[in-house]
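The chain contents come next:
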Amino acid sequence: MDRRTILALSVGGVAVAGASVAGISLAGESDAETLSSKDDSPLVISVRDAKKGTLDVFSGNSKKTVTDKKLAAQLLKAAGR
Amino acid sequence: MSSHREAPEISKDPVADSSDLYAFVSPDDPDTVTIIANYVPLQLPASGPNFFEFGDDVLYEIHIDANGDARPDITYQFRFSTELRNNKTFLYNTGQIESLDSENWNRRQFYSVTKVDSHGKSTVLAKKLQCPPCNVGKISIPDYEKLAEDAVVKLKSGEKVFAGQRADAFFVDLGSIFDLGTLRPFQDKHLVGQALFNYAGKAVNATDETNVHSIAIQIPLSMVRRDGKKRVKAEDSGAVIGVWTSASRRQVQVRNGEGTADDVYVGPQVQVSRLGNPLFNEVIVPMAEKDKFNALAPSEDKKFAEFVATPELGALLPVLYPGLFDNLAAQNKKKEDRADLLAILLTGIPSGLIDGFQNNTGKVQADMLRLNTAIAPSKTEKKFGLLDGDLAGFPNGRRIADDVVSISIRAIAGVTLPLVDKDFEPDAAAALVEQGLSIKDASAKLLKKFPFLGTPFDGFSVPS
């Protein structure tokens, strides 16, 4: 499963929320010096709650929380769990 | 210490550990404020081949609140990048370093400065500014002072900046204080010490002959005041600014195991270190809460007000020094909030308590270093600052030579309580207690001009 596959899986019918965790700052992180969110830049997905399908998606300067049980299940399968 | 290794998690991450923060009206240019944030504490000078440096993966910030809401109106961001000249050598320098562009200097560090306004708009003020090298030794660097001077840069936007190694000027008898609150000059009065000593001891500066990495900025006062005025009166609320520093790391790091070049850093910045008033997180906040404190913004500090209102150290002093703090013990039994400490540390001192002085920022409780920018630098600094009538000293901002350890102990011991409770009579010991050190116990001489902190100790001269 490559990154584009994950992107394709995650766009369909998932709930997306911006990060709102204490200690996390986005201030001033939009300038050219900071990380890119372009297609070829790294993306990391963390499965926070597999049963609920809660995933944290880290890309560029951002973190988005999505709910996608199907994707969570596929990721678990890819991890051999 | 002021904030060196003050919390469990950050003590394992020295590159992001803020150890001291200073903010004072500049004696070399009184129309400016100098702010210095120290990181990477407790550096042994003899540290080759890999000398200390800022973290390329850390976002360092200095925040200024101009309107008392404990949120930054100005943030200066500092981002670092390291470059190697020569991939074939293990050496930091392959010959003498006589200039910042020396071909002999192998591992150099550069930084950018970005200013963020109250609306979150970022402006890159400068890129690829150079840090001076670490002070390897006289053989490698014959004129370190010249290199450091060359690394001071005046930006087109009006600020002056410096980032690099400096001698740590903070003075503290660490070995004594954290040995059950012993102050060597009073060791024979200590609960346990009185059975061991029949004489007063001489304090030892534990941080002497160590270095830090400093981020220093000098800013025109008109740029930090809320109304942009060049001149204000000390009683004006617009004269007061709140200052703090923070360090943050990307939320996710993936190590790919083939050198750092392939590692992945993504996600928002997560704050891992914060410093406003010296010693706040160190001796006010309980150990179980310290990591949380470092992750939060000052606007959240109401959560920590209870630890200021009834400080643990205030309860310990009468126990540790029997018979010396009886009035404080009686006050403690009343279980009243320490309104003096709440003001000094969380809201600033309002007008009317100290003649000609205030550094109040309003009702929002926040740990910020509060500086009344209308008060000119003192011609003769007093190490006990405001407690000794020196209005330009801590807790009005913080100067490098202020004895913040002793000032804090005296305040907690009750010398500031009469500001809000005229009936309280401080114990005689409260006005005498001190750690027994001064800036003279820091071996490196301070500079008379920006960036003020002295030349870092070199590894050849201070080999162990």
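As the structure is a prediction and not an experimental result, all values here were calculated from the model. (Residues numbered from 1 in each chain as written. Chains lettered and ligands numbered in written order. Predicted model: local features only at pLDDT ≥ 70, side-chain atom pairs only at ≥ 80, totals over all residues.)

Here we take up the overall build of chain A. Secondary structure summary: chain A contains two helices and five strands in total. Expressed as a percentage of its 81 residues, the buried residues of chain A come to 17%. A sequence separation of at least 24 residues applies to 51% of the contacts in chain A between residues at least 6 apart. (Helix = DSSP H or I, 4+ residues; strand = E, 2+ residues; numbered from the N terminus. Buried ≥ 20, exposed ≤ 12 C-beta atoms within 10 Å, placed from the backbone. Contact = placed C-beta atoms within 7 Å.)

Considering every residue of chain A, the mean pLDDT works out to 71; 52% of them sit at 70 or more. Between residues 1-22 of chain A, whose pLDDT stays under 50, and residues either more than four places distant or in other chains, the model counts 27 contacts. (pLDDT = per-residue confidence, 0-100.)

Moving on, we come to the environment of E9 of chain B. Position of E9 of chain B among the secondary structure elements: in the segment before β1 (18-25). Here the alpha-carbon distance between E9 of chain B and V272 of chain B, two residues 263 residues apart in the chain, equals 8.3 Å.

Our next topic: helix α9 (residues 339-347) of chain B. Residues that lie three or four places apart on an α-helix share one face, since the helix turns once every 3.6 residues. Residues and elements named next belong to chain B. The buried fraction of α9 is high, at seven of nine residues. Buried-residue contacts for α9 involve α4 (280-284), α6 (305-309) and α10 (404-415). Following α9 by one or two positions, G348 has its phi on the positive side, about 90 degrees.

The next subject is the packing of helix α7 (residues 312-320) of chain B against helix α8 (residues 326-333) of chain B. The relative placement of two packed helices comes down to the angle between their axes together with the axis-to-axis distance. Residue and element names in this part refer to chain B. Where α7 meets α8, the axes come as close as 9 Å, and the angle between the chain directions of the two elements is 135 degrees. The angle between α7 and α8 falls in the class oblique. Crossing geometry of α7 relative to α8 is assigned as left-handed. Across from G314, A315, L317 and P318 in α7, the residues of α8 making contact are D326, L328, A329 and N332. (Axes fitted to C-alpha atoms, helices over the stretch in contact; angles between N-to-C directions. Parallel < 35°, antiparallel > 145°, perpendicular 65-115°, else oblique. Left-handed = near helix turned anticlockwise from the far one by under 90°.)

Residue and element names in this part refer to chain B. Going from G48 to P49, the amide bond is cis rather than trans, its omega being 5 degrees. For P49, the location among the structural elements is in the loop between β2 (32-43) and β3 (58-65). Here the residue pair F450 and P451 is connected by a cis peptide bond, since its omega of 10 degrees sits within 30 degrees of zero. Position of P451 relative to the elements: it lies in the segment after α10. Even without being glycine, R5 reaches a positive phi, approximately 55 degrees. Within the element layout of this structure, R5 appears in the segment before β1. Note on R5: 16 C-beta atoms within 10 Å, which makes it partly exposed. Of note in the backbone geometry, L180 takes a positive phi value of approximately 55 degrees without being a glycine. One can find L180 in the loop between α2 (174-177) and β9 (211-220). Using a count of 12 C-beta atoms within 10 Å as the deciding quantity, one classes L180 as exposed.

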